[in-house]
Amino acid sequence: LSAPFATGEDGEGTVLQDRANAEMMAAMSRPPPETIMEFAAQEPLPPVGRKGHAPLPTQPLDSRDSYEFAKLVEEHARMRNAGGNPLMNY
């Protein structure tokens, strides 16, 4: 059994999924060198943080900082996986 209207082919006999995959792969391919040069020539972004304060760190300050961050991530994941209202999951 098959549905003649759902064959997945266009009028030229090309399978639509193959065409979609080819278009996706073309979009995900490496950009041309001109585009890379344009990005490289842009002004760098300023560091993240409030004006008048030190920028946010991009590396752990010490072992305690890493441990506390890991515990926060663990708690966040626990709340997200619990579902529902996170304020009521305690």
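Residues numbered from 1 in each chain as written. Predicted model: local features only at pLDDT ≥ 70, side-chain atom pairs only at ≥ 80, totals over all residues. Heavy atoms only, no water.

### Some details on the pattern of salt bridges
Here comes step 1: In total, this model carries three salt bridges according to the counting rule given.
Here comes step 2: The residue Glu-68 makes a salt bridge to Arg-64 at a minimum N-O spacing of 2.8 Å. On the criterion of helical spacing, the pair formed by Glu-68 and Arg-64 is a turn pair, its members being four residues apart in helix α3 (residues 63-82).
Here comes step 3: Classification of Arg-64 as exposed rests on a relative accessible area of 58%.
Here comes step 4: One salt bridge in this structure joins Lys-71 and Glu-74, with 3.1 Å as the shortest N-O distance. A residue pair is termed a helical-turn pair when its members lie 3 or 4 positions apart in one helix, as Lys-71 and Glu-74 do in helix α3 at three residues.
Here comes step 5: Note on Lys-71: relative accessible area 41%, which makes it partly exposed.
Here comes step 6: Overall, the relative accessible area of 46% leaves Glu-74 in the partly exposed class. (Salt bridge = Lys/Arg side-chain N within 4 Å of Asp/Glu carboxyl O. Helix = DSSP H or I, 4+ residues; strand = E, 2+ residues; numbered from the N terminus. Buried < 20%, exposed > 50% of the residue type's maximum accessible area, 1.4 Å probe, protein only.)

### Observations concerning the confidence of the model for the chain
Here comes step 1: With 74% of its residues at a pLDDT of 70 or more, the chain has an overall mean of 76.
Here comes step 2: Per-element mean pLDDT across the chain ranges from 73 in helix α1 (residues 16-28) up to 90 in helix α2 (residues 33-41). (pLDDT = per-residue confidence, 0-100.)

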